Amino acid sequence: MLSPTYSPASEVASLLRSRGYAVLDAQGVCELAGCERADLLALNPSWNDLPPDAYLKDGGRYRRGRHSCFGVEGVRLEKGPHRAHWQPVEHNALHGGMQRWFEPMQGEVATAPAWSRLLLALGEVASAVKGRQPWFVEAHQFRIDTTDGIGRPTPEGAHRDGVDLVAVLLLAREAIKGGETRVFEADGPAGQRFTLSEPWSVLLLDDERVIHETTPIQPTAPGGHRDTLVLTYRAGGFQGD
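Values in this document were obtained by computation on a predicted structure and should not be read as measured data.

Participant: Whenever I open this one, the side chain of Thr228 confuses me. Can you help?
Facilitator: Tracing the chain through its elements places Thr228 in strand β12 (residues 225–234). Each residue touching Thr228, except ones within four places of it in the same chain, is listed here: Trp47, His140, Gln141, Phe142, Leu169, Leu170 and Leu171.

Put into structure tokens, the structure is as follows:
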């Protein structure tokens, strides 16, 4: 596996402005959020209780997830009403144009102090790059498993999410191979590839400037899976409003 080049938390905003992406290790995430690694790791067990994704149009059974929405404005975080996840077809050719109603996140995750610190810190990053404003945040808990032999973290392929900032946090890689992250310029030939492997490391993306994907995973032993938390920040409202 090709490891990413990690950056200091202090350089995240400047890297997003200059090249459109940045990668932090777990210690960098903790510095950014002002929390301990143990506080983040305490959230991991909730990934063992994710309902199956009923919307996979490729017929797969490899994805489980939960989805909730939040509002971030300065130092204030509010959990929003439960709503469908929606993307336009131009950003998700496979699943765009449809309302996907996932089960909401469990309360013990959404109310944990480390959760609030993380979402507020990433809101500060978004404001540093895009200008200070309220942020509409969608949180996705994902588990991609290999029960049927292969799992696809991004079945839609290389894509943008139609937001301003994307954070892809890796929580676990268990008994798998594959799962390489690829980031490309949206309007140019340059690209990077690496594999996130450290629990609670993060890939941060300026969604207007880059596209991204993660390659399929295969098992190296029974029970192979990949757990992620994807947080998207968007100005002006949620997609589909």
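Participant: Help me understand unusual backbone geometry, please; the structure alone is not making it clear to me.
Facilitator: Leaving glycine out, the prevailing phi sign among residues is negative, and the prevailing peptide bond configuration is trans. Look at Ala175: it is not a glycine, yet its phi comes out positive at around 55°. Here Ala175 shows up in the loop between β5 (165–174) and β6 (176–178). Residue classification places Ala175 among the partly exposed positions, given a relative accessible area of 27%.

Participant: I tried to follow the nonpolar core on my own but got confused; where do I start?
Facilitator: Counting 40 residues, the largest nonpolar core has Trp115, Leu118, Leu169, Trp200, Leu229, Leu231 and Tyr233 as the members making the most contacts within it. Those residues in contact with Leu169 that lie beyond four places of it in its chain are Val29, Leu118, Trp200, Ser201, Val202, Asp227, Thr228, Leu229 and Leu231. Core analysis: the second largest hydrophobic core is formed by 14 residues, Tyr21, Val163, Phe194 and Val230 among them.

Participant: It is not clear to me how the side chain of Arg63 should be interpreted in this structure. Could you clarify?
Facilitator: Here Arg63 is to be found in strand β2 (residues 63–73). One polar contact links Arg63 to Asp53, side chain to side chain, over a distance of 2.8 Å.

Participant: Even after reading the chapter, I still don't get the pairing of strand β8 (residues 191–194), so can you show me in this structure?
Facilitator: Regular strands place their side chains on alternate faces of the sheet. The pairing of strand β7 (residues 181–185) with β8 spans 4 bridges and is antiparallel. Bridge pairing in β8 links Val183 to Gln192.

Participant: When you look at the sheet that holds strand β3 (residues 76–79) in this model, what are you seeing that I'm missing?
Facilitator: For sheets, the rule is that strands pair by backbone hydrogen bonds, running either parallel or antiparallel. A sheet is described by the order of its strands in space; here 7 strands give the open sequence β1-β9-β5-β12-β4-β2-β3, paired in antiparallel fashion. Taken across any chain shown, the strands that pair with only one partner, and hence form the sheet edges, are β1 (21–24) and β3. Neighbouring strand axes in the sheet, compared pairwise and without regard to direction, differ in orientation by 20° on average. Where β5 meets strand β9 (residues 201–206), 6 bridges bridge the pair, whose relative direction is antiparallel. Along β9, the bridge assignment pairs Leu170 with Ser201. Against the sheet, helix α1 (residues 12–19) makes contact with β1, β5 and β9, and its axis sits at roughly 145° relative to β1, the strand it touches most. Contacts between helix α2 (residues 26–33) and the sheet are confined to β1, β5 and β9, with β1 contributing the most and set at about 100° to the helix.

Conventions and cut-offs
Residues numbered from 1 in each chain as written. Predicted model: local features only at pLDDT ≥ 70, side-chain atom pairs only at ≥ 80, totals over all residues. Heavy atoms only, no water. Helix = DSSP H or I, 4+ residues; strand = E, 2+ residues; numbered from the N terminus. Contact = heavy atoms within 4.5 Å. Buried < 20%, exposed > 50% of the residue type's maximum accessible area, 1.4 Å probe, protein only. Core = buried A, V, L, I, M, F, W, Y, C linked by side-chain atoms within 4.5 Å. Polar contact = N/O pair within 3.5 Å; in protein donor to acceptor, adjacent residues only side chain to side chain. Pairing = 2+ DSSP bridges. Axes fitted to C-alpha atoms, helices over the stretch in contact; angles between N-to-C directions.

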